[in-house]
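Chain by chain, the residues:
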Amino acid sequence: MLIVGCGDIGRRVAALYQSAGVPVTGLVRSAESTAALVAAGIEPLRCDLDAEVPAALPAAGLWFWFAPPPGQGTADTRLRRFLAGVRAAPRRVLLISTTGVYGDSGGAWIDESAPVAPGSDRGRRRLDAERTLAAWAAARGVEMVVLRVPGIYGPGRLPLARLRAGTPLLRPSEAPWTNRIHQDDLATACHLAMAHAAPGSVINACDGHPGNMTEYFLRIADHFGIPHPPLLSRAEAERVLSPGMLSYLRESRRIRNDRLLALPGMCLRYPDLAAGLAAIDPRAGAAA
Ligand SMILES: NC(=O)c1ccc[n+]([C@@H]2O[C@H](COP(=O)([O-])OP(=O)(O)OC[C@H]3O[C@@H](n4cnc5c(N)ncnc54)[C@H](OP(=O)(O)O)[C@@H]3O)[C@@H](O)[C@H]2O)c1
């Protein structure tokens, strides 16, 4: 089993396979991540996908593609370079994409049948990854599954630094809907989708309980006893917030997860933010 981009989610998925005795190889870029893989009992493969392709790949029937696209442009050049350069192919490949490929739906509920219409280059790069990998897989008879993932949260993945810095937020009345998945539920979703999803499936991997984006930040602030930051009108936010943050504020979606919940064995451990936060000790906030 090969995990390309074996970071936080990759290591959680690896642990699920390792507990069943399946050996895992993880591809990463840095020395630090290579050491983390060794410590976790994962065979490391070090390669910078911006510049090279691995000289050889381990024989693996299953590939997970978790490496993010680069930060600029509209194409996933990392995935494209890798696919053009490798000779091996798995039996099955699972790609983590994002729900950003849907673009703005004006706050409406959507499912996987919604048209893709990314409103940012970040979303366009992910759509390029979906389409590039699908074409490559189809040409080789490789089964492919796509998980479209919203904001991932959990211990160590909370916006505490932003909250402590007092960076302003949009007023709740003007803030978009956002969607989330807990990091452990996402790892389970990857494992079960690889095992059971029909070839060609696209699955929204979210908890099905969207929330107001500003309330998400404020609930975390309350959980950790952090004072609320200033709340801005949209016009004020346009002047003050970073372009990256503003691009998130321009998209509002509520995403259904019926297809995820229909996977055999899928049961969300953290079906909403309240359940996820309840399991996080606020005294551990300094490390989060
Ligand atoms: N953050 C979110 O809320 C969110 C939402 C939707 C989807 N996603 C996506 O979900 C996926 C899994 O997330 P995650 O939290 O597990 O990410 P992560 O912890 O940042 O892991 C990403 C992995 O990709 C590797 N990587 C990055 N650039 C590379 C390069 N040029 N060459 C080789 N390896 C490279 C990193 O290696 P090094 O550590 O060595 O650099 C790391 O192992 C990612 O694609 C992420 O973008 C995230």
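Structure: see above.
Predicted model only: the values in this text are computed from it and were never measured.

**Brief notes about the site of the ligand**
Around the ligand, the surrounding shell holds 23 residues, and the nearest of these are G5, G7, I9, S30 and S33. Where the shell around the ligand is concerned, the elements lending two or more residues are helix 1 (8-18), strand 5 (92-98) and strand 8 (151-153). Looking at the shell around the ligand, the element that brings in the most residues is helix 1, giving 3 residues. The residue makeup of the shell around the ligand, split by class, is 11 nonpolar, 7 polar and 5 charged.

**Section: the environment of L45**
Tracing the backbone through its elements, the reader meets L45 in strand 3 (residues 43-46). By the C-beta count within 10 Å, which is 20 here, L45 ends up buried.

**Quick look at the pairing of strand 5**
The buried fraction of strand 5 is high, at 6 of 7 residues. Strand direction decides the pairing type here: strand 4 (residues 62-65) and strand 5, joined by 4 bridges, are parallel. The partner of W63 across the bridge, within strand 5, is V93. A crossover links strand 4 with its parallel partner strand 5, the connecting element being helix 3 (residues 77-85), and its sense is right-handed. Alignment of strand 5 against strand 7 (residues 143-149), held across 7 bridges, turns out to be parallel. Directly across from S97, in strand 7, lies its bridge partner R148.

The rules behind the values
Residues numbered from 1 in each chain as written. Predicted model: local features only at pLDDT ≥ 70, side-chain atom pairs only at ≥ 80, totals over all residues. Near = placed C-beta within 6 Å. Helix = DSSP H or I, 4+ residues; strand = E, 2+ residues; numbered from the N terminus. Nonpolar A, V, L, I, M, F, W, Y, C, P; charged D, E, K, R; others polar. Buried ≥ 20, exposed ≤ 12 C-beta atoms within 10 Å, placed from the backbone. Pairing = 2+ DSSP bridges. Right-handed = clockwise from strand over helix to strand, strands pointing away.

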